[in-house]
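Spelled out, the chains give:
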Amino acid sequence: MTNRWTLELESTSYTVALEPQRRWLELVAWGPRGVEHGPSPLANRGSVHFITDADAAPVEYAPRGLRPFSAADLGVAGESWWRFAADESTDTQLRLAFVDELTGLRAVQCYRAEPGTDVLCRWVELTNTGTAAISIDRLGSAGVCVPTGERGARLTYLTGQWSQEFTRRSTVLEAGSFRMESRFGVPGHQYVPWLTVQDAAETDGPAYGVSLAWSGSWELDAEIEPSGLTRVRAGRLANPGPVVLEPGASLTTPELALASSVDGLGGLAGVWHAYSRKLAGPRLRNRRPVLYNSWEATGFEVLGSRQLDLARQAADLGVELFVVDDGWFVGRDDDTGGLGDWTPEQSSFEGGFGAFVESVRALGLDFGLWVEPEAISPKSKLYAEHPDWVYRIDGRPATLIRNQLLLDLGKTEVFEYVRGFLDELLTAYPISYLKWDMNRPPTERGRPGEPTADLDAEHVANYHRLLDHLRDTYPGLIVESCAGGGGRTDLATVSRSDVVWPSDNTAALDRLRIQDGFLLMHAPHLMSSWVTDAPGVFDPRPRSLRFRFVLAMAGVLGIGADLSRWSAEQRKEAAELIARYKSLRITIHTGRCRVLSGPTEPTAATQYTLGEQTVVLAWSTGELVGTPLVPGRSSRIRLHGLDAAATYRDEDGQEYSGAHLTHVGLPVEWTAERDADVFVLTRV
Ligand code: DGJ
């Protein structure tokens, strides 16, 4: 019987082996294919003092009993030990079972290589084969070892808060640990369940990343282990915990996706992008329409006549979809009411809501609608009828956040209510786009009478079921996921949505930074982005209309500005840029994307390549180079992944060799008026 397994990925491989006493699996090698041939870079070569062998080993997944001092992946009350029991692998999965004879806990450690990518998915299936309940306080999906050296690890992570999501940060960890978590019931604005580890001795050496496919609370730690390697542990956060596994019961942890690239952070982003495209499947080819969303223009004051004016102006610019955001339903005059009562406020729409939708469609626009299915306003009819449908603890007052409460979506009757109203809306009106929002984390997280219910897991499972239902029942419907901006952009959500809303902050320079972080984790076809008015609500640093357009074109273009305030000249420019975007969107959404330089550089630029076409979007972040008033040279953007010997022609007929574009760069001349540009090169 074999003791060692290699998973072959697109260009990398991942090799694990059983330790001699078969108590745990160890990582042998992870990197470009073939790295497994040679002595393992992870194996502990020294002797072990004061700790156990497991504490010093590159363990793949271990319970706390087995690995007491160096952090374990599974925390079981009363502790747990196990031993390898069986290889239950299938054609597509490596599945290795470990059993704890004493408690009856059976853990199948599972691996699946995602075909055509360098992404490996890992998860664990736990079953209680014993006679007593097992209480779990730590529920990791996987432990991930990275062979960092004496200088420790450089960790790159995404952090922020509402309106500042996806801020990229790096820190060097020489010893000790680093931790991120969310108790928000969604992944949250503060941290993203995504991390990159590199050896701190190199500036941008090989990169190893993890991304958790879980739409609820989560935890992720990275720790320098006694033997010097870096080990990452990630999984859902038992919230409220612990999770109780009754005799005979099973549970499956969320998947943790692992990716690696020898080409640093940029190369790793490319691996994640390829995975995003894989998750989108055939839906990647679906057109993601240019949308107009009226939220910033009208707020809660949604009146049919004003909406139609905006729709007409949007249609004139070449917009393809009109989305009515919050405020269209009964009782929703402001954020204190309405949530839960998903009936259009007919009196706001002359001739009724149906007639309004038809008028929008008569302009040649598709129609989209905002909903917040998990939310409920205390003033709503729904709350009056079902006060027991919210999370609550008997005897404790309910905390309001944004004046609203959260439905206990894990309850069957709540799930059915939400599915019912979504079906009603989607069958009553020709809605082709649904923005699913979520604006408050759970508080008073309880369900009277069921003290051990796994509330986070039940909520997330039904949220996923609803998204799956929408996909299955309305295959043409585009779903945008949003949680007060970018609060829920995990892999489980994006695999069930078509686009996500990274942040409510659309102010030019802030957004450039947010998008820079977003594109480390997800591909451009997922990145909804709007052109809004300037200066906007957030960042007061003004940028041209062109800058804001080119920025929104970097993903899925939308407009959120008050169009009635735009001049004829602005409309003309907008119409030209929308047409330009439409002609390039296939390359932007389905091509290979590489962020060439980020928001901290004088010129930020992103490259998209599909077949013979290369599109470069570039932005001047404000630093002046002096030309043409004083001697100076053009700013240059060095492109990536071109054929050095090939010739590339721009739209003015200027030709460049691939070598020139790669090593010298594409010249750009910034002026006060021209602070962003779109370049299209064709390989000849
Ligand atoms: C929060 C979202 O992020 C916004 O885009 C908008 O939809 C508001 N909610 C509406 O309440």
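Parameters and conventions
- Residues numbered from 1 in each chain as written.
- Predicted model: local features only at pLDDT ≥ 70, side-chain atom pairs only at ≥ 80, totals over all residues.
- Heavy atoms only, no water.
- Helix = DSSP H or I, 4+ residues; strand = E, 2+ residues; numbered from the N terminus.
- Buried < 20%, exposed > 50% of the residue type's maximum accessible area, 1.4 Å probe, protein only.
- Areas by Shrake-Rupley, 256 points an atom, 1.4 Å probe, with all protein chains shown as cover.
- Near = heavy atom within 4 Å.
- Polar contact = N/O pair within 3.5 Å; in protein donor to acceptor, adjacent residues only side chain to side chain.
- Nonpolar A, V, L, I, M, F, W, Y, C, P; charged D, E, K, R; others polar.
- Pairing = 2+ DSSP bridges.
- Contact = heavy atoms within 4.5 Å.
- Axes fitted to C-alpha atoms, helices over the stretch in contact; angles between N-to-C directions.
- Domains from an automatic or database assignment.
- Buried area = accessible area lost by both parts, 1.4 Å probe.
- Salt bridge = Lys/Arg side-chain N within 4 Å of Asp/Glu carboxyl O.

## Quick word on the overall build of the chain
Within the chain, the regular secondary structure consists of 13 helices and 37 strands. Along the first, second and third principal axes, the C-alpha atoms of the chain reach 75 × 70 × 40 Å. Relative to its full complement of 684 residues, the chain shows a buried share of 59%. When the accessible area of the chain is evaluated, it comes to approximately 26000 Å², of which 50% is carbon and sulfur surface.

## A short note on the site of the ligand
Neighbouring residues of the ligand: 13 residues in total, closest D325, D326, K435, D437 and D504. Contact between the ligand and W501: an oxygen atom at 3.5 Å from a side-chain N or O atom of the residue. In this structure, D504 approaches the ligand through a side-chain N or O atom, which is 2.4 Å from an oxygen atom. Within the complex, the protein chains bury 97% of what would otherwise be the 300 Å² of accessible surface of the ligand. In the shell around the ligand, the residues fall into 4 nonpolar, 3 polar and 6 charged.

## Remarks on the sheet that holds strand β29 (residues 556–559)
Spatial ordering of the open sheet is given by β27-β26-β25-β22-β21-β20-β29-β28, a layout of 8 strands whose pairing is parallel. The sheet is open, and its two borders are formed by β27 (499–500) and β28 (528–531), each paired with just one other strand. Judged from the 4 bridges that link them, β28 and β29 form a sheet pairing that is parallel. Within β29, the residue paired with W530 across the bridge is G558. Lying over the sheet, helix α7 (residues 412–428) contacts β22 (366–371) and β25 (433–436), oriented at roughly 160° with respect to β22.

## Description of the domain arrangement of the chain
Parsing the chain into structural domains produces domain 1 (4–281), domain 2 (289–590) and domain 3 (610–683). Computed over C-alpha atoms only, the centres of domain 1 and domain 2 are separated by 34 Å. With 40 residues of domain 1 at the contact, the number on the domain 2 side is 45 residues. With both sides pooled, the region where domain 1 packs onto domain 2 buries about 3400 Å², and carbon together with sulfur makes up 60% of that total. The salt bridge partner of R168 is D516, with a shortest N-O separation of 3.2 Å. Linking domain 1 to domain 2 there are 18 residue pairs in polar contact (both at pLDDT 80 or more). Those elements giving two or more residues to the side of domain 1 that touches domain 2 turn out to be β10 (153–159), β11 (167–173), β13 (191–199), β14 (207–213), β17 (243–245) and α2 (264–280). The leading source of residues in the side of domain 1 that touches domain 2 is α2, at 9 residues.

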